[in-house]
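Residue-level structural notes
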Amino acid sequence: MSATTRTAHGSAQRESTTTTNDVQAPAEPAYELVDLDRYMIMHDGPVGYVEVVPPVFVCYAGHPYAKAEEVAQKHDFQSAVQTVIAHAVSARRARLTA
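It should be emphasised that the depicted structure is a prediction, and the values quoted were computed from it without experimental measurement. Each chain carries its own residue numbering, running from 1 in the direction its sequence is written. In keeping with the model being predicted, local features are shown solely for residues with a pLDDT of at least 70 and side-chain atom pairs are shown and tallied solely at 80 or more, while totals for entire chains, interfaces and linings include all residues. Values shown for side chains rest on all heavy atoms present in the structure; no hydrogens or waters enter the calculation.

So, about the sheet that holds strand β3 (residues 30-35). Strand pairing in a sheet relies on backbone hydrogen bonds. The paired strands run either parallel or antiparallel. For two strands to count as paired, DSSP must find a minimum of two bridges between them. A run of H or I in DSSP counts as a helix once it spans at least four residues, and a run of E counts as a strand once it spans at least two, with each numbered from the N terminus. Spatial strand order, β3-β4-β5-β6-β7: 5 strands in an open sheet with antiparallel pairing. Single-partner strands in this sheet number two, and they are β3 and β7 (69-74). Across the sheet, the mean angle separating the axes of adjacent strands is 25° when strand polarity is ignored. Where β3 meets strand β4 (residues 38-42), 5 bridges bridge the pair, whose relative direction is antiparallel. Paired with Leu33 across the bridge in β4 is Tyr39. In what follows, a contact means two residues having at least one pair of non-hydrogen atoms within 4.5 Å. All axes are obtained by fitting lines to C-alpha atoms, using only the stretch in contact for helices, and the reported angles, taken between N-to-C directions, cover 0 to 180 degrees. This element, helix α1 (residues 77-97), spans β3, β4, β5 (46-53), β6 (56-61) and β7 of the sheet and lies at about 150° to β5.

Listed below in structure tokens is the structure:
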């Protein structure tokens, strides 16, 4: 779908709008700050948490937080997020093949 709008000088500009079919998943995994030092990691829904405990980031797999278990400690936030997602994906595959 597109729309034509006029500028102040009379020239036409075409604006393209995207539909839900055109939207792709974000390149980076989604995370959201849920506490002062805790991020919820989402990959097709909540899959775990990263907690900031200087100098490390503690990776938890599972949801809700009270039932999540620690799976790793990393020195880099992006690495911690990727670790939580990788653990969730491998756990999902294990359940599907079992």
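We are not done yet, so read on.
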